[in-house]
Structures are given as structure tokens and as C-alpha cells.
Amino acid sequence: METIEQTKLIDNIHERVVDDLKTRLTQGSRVSIAAASFSIYAFEALKKELGNIAELRFIFTSPTFIKEKTQKEKREYYIPKLNRERNLYGTEFEIRLRNQLSQKAIAKECATWIRQKARFRSNASQEQMPNFLHLQNGSSYLYSPFNNFTTTQLGCERGNEICNFVNVLPPSTAKAYLGIFNEQWNNDKKFRDVTERVLEYIE
């Protein structure tokens, strides 16, 4: 009898995304994330597991770490862009619980890991891209929505949202999203490599 694939709902209260990821991130896993921001504290929460993966590809779904060609940039666009970049050092909820010394140590470890395992690209177009995390470890899993790679999205800390539900979708759906990710990752007209800019900020 054929097994029906089930969607798993994580509420980030009784069960957390970080714990689910720890059970699925195995040696040689490949991770693809499309999200608005990346935080070194989310890296810290999964440091052991991320150290064993084969690669992580990260797409900033809105223009981030991209030098602008025009000085006539609109303020309502510029401010959110700066906030996304500052989130590398943690969101307001993460920073409250950290001090500067621990931040420097985490940043150093994260930068070393990025040089070994990770690449970052940024959406330079005005087209919107969905936020999600795709994990491949022999099978495929999709975490959606996955708006930010932060400790609040992972369920380590509570943010200012009433609920923080994340669906873990089965392989059939996950593969379709991976196809979208791969297509955009290789689109040099709309997406630019910003790995070195990310490292500059962290270091």
C-alpha cells in the first residue's frame, strides 16, 4: 500500500524548528535558504550540525549587500535594506541576550565556516521571491514559511509574533521549490554573489 506523504506543522512552542533541523542535518546534507536576513546567532544555534554539511546556499530575497548605482535611492527602500544587513549581528530580540565579547567569538567562527561551506547571493531585481529553507539529506524537506534565518525563526527565542508556525513539507513539494531555487541561483541577471560583502560585515 502506498504511503501518503504528510505535512508536519511546527508551532515553535511545544516543538521547535531548531530541534527538527538537528535531527535532519546529517553528514553531507545540502541546505538552500531563501530568506530576508541571516543572523550569526542562528548559525551558533546549529553550529555543530552546520559544520558537517556539504554546503549551504543562501539567497537574500530582497536587495541586500548590493552597492547601488544611483544616489536617488528611495528612503522607504533604503532603511529596510540597512536593517536586513544589520541583522547579520542579530535581530533586536537576539542582541538583548548577547554581549559584545561573545558576538566577536561567534562572528569569527561563522566567518570561518562561511569560507568553507557557504555562498550568498542577493536578489537585485524588484521581483519577489518566496521565503523557505530546503534540506537535502538523501530525501528532501521544505520548511515554509521561513522568513529569516534567526533564532526567533528557529524557535530558540520568542519574537513579537503571536504565532510562529512553520510547515515541514514532503519531498514532492520540496523538490519543486528546489527547482525554483536552482533556477534563480544561476540567474546572473537578477541575482548577484555577495559572499565577500557578507564576510566583510561579519569580520
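Described in the following lines is the structure provided in the data block. (Residues numbered from 1 in each chain as written. Predicted model: local features only at pLDDT ≥ 70, side-chain atom pairs only at ≥ 80, totals over all residues. Heavy atoms only, no water.)

1. Let's talk about the overall build of the chain
Then, in step 1: Counting its secondary structure elements, the chain contains nine helices and eight strands.
Then, in step 2: Across the 203 residues that make up the chain, the buried fraction comes to 47%.
Then, in step 3: In the chain, once contacts between residues fewer than 6 apart in sequence are set aside, the share between residues at least 24 apart is 82%.
Then, in step 4: Accessible surface, the chain: about 11,200 Å² in total, of which carbon and sulfur atoms supply 48%. (Helix = DSSP H or I, 4+ residues; strand = E, 2+ residues; numbered from the N terminus. Buried < 20%, exposed > 50% of the residue type's maximum accessible area, 1.4 Å probe, protein only. Contact = heavy atoms within 4.5 Å. Areas by Shrake-Rupley, 256 points an atom, 1.4 Å probe, with all protein chains shown as cover.)

2. Quick notes on unusual backbone geometry
Then, in step 1: Here Ser144 and Pro145 are connected by a cis peptide whose omega angle stands at -5 degrees.
Then, in step 2: Counting through the fold element by element, Pro145 comes out in the loop between strand 6 (140-144) and helix 7 (151-154).
Then, in step 3: Of note in this structure, Asn12 is not a glycine but carries a positive phi near 60 degrees.
Then, in step 4: Here Asn12 lies in the loop between strand 1 (8-10) and helix 1 (17-24).
Then, in step 5: What makes Asn12 buried here is its relative accessible area of 6%.
Then, in step 6: Within the chain, Phe65 stands out as a residue other than glycine whose phi angle is a positive 60 degrees.
Then, in step 7: Here Phe65 shows up in the loop between strand 3 (55-60) and helix 4 (75-86).

3. Notes on helix 1
Then, in step 1: Residues Val17, Val18, Asp20, Leu21 and Arg24 constitute the buried set of helix 1. All buried residues of helix 1 project into a common sector of 160 degrees when viewed along the axis, lining one side.
Then, in step 2: For helix 1, the secondary structure elements touched by its buried residues are strand 1, helix 2 (40-45), strand 5 (132-136), strand 6, helix 7 and strand 7 (166-169). (Arc of directions from axis to C-beta.)

4. A closer look at helix 9 (residues 195-202)
In an α-helix there are 3.6 residues to a turn, and that puts residues three or four apart on one side.
Then, in step 1: Three or more residues of helix 9 are buried, namely Thr195, Val198, Leu199 and Ile202. For helix 9, the buried positions fall inside an angular range of 100 degrees around the axis, keeping them on one side.

5. What to know about the pattern of salt bridges
Then, in step 1: With the rule as written, the count across this model stands at eleven salt bridges.
Then, in step 2: Between Asp20 and Lys8 there is a salt bridge; the shortest N-O distance is 2.6 Å. Within this pair, whereas Asp20 is found in helix 1, its partner Lys8 is found in strand 1, the two being separated by twelve residues in sequence.
Then, in step 3: Accessibility expressed as a relative area gives 4% for Asp20, which makes it buried.
Then, in step 4: Looking at Lys8, the relative accessible area reads 26%, which means it is partly exposed.
Then, in step 5: With its nearest N and O atoms 3.2 Å apart, the salt bridge here joins Glu109 to Lys47. Here Lys47 lies in helix 3 (residues 47-50) and Glu109 lies in helix 6 (residues 100-117), a separation of 62 residues in the sequence.
Then, in step 6: Owing to a relative accessible area of 37%, Glu109 belongs among the partly exposed residues under this scheme.
Then, in step 7: Three or more residues are tied together by salt bridges with common partners; here these are Lys8, Glu15, Asp20 and Arg24. (Salt bridge = Lys/Arg side-chain N within 4 Å of Asp/Glu carboxyl O.)

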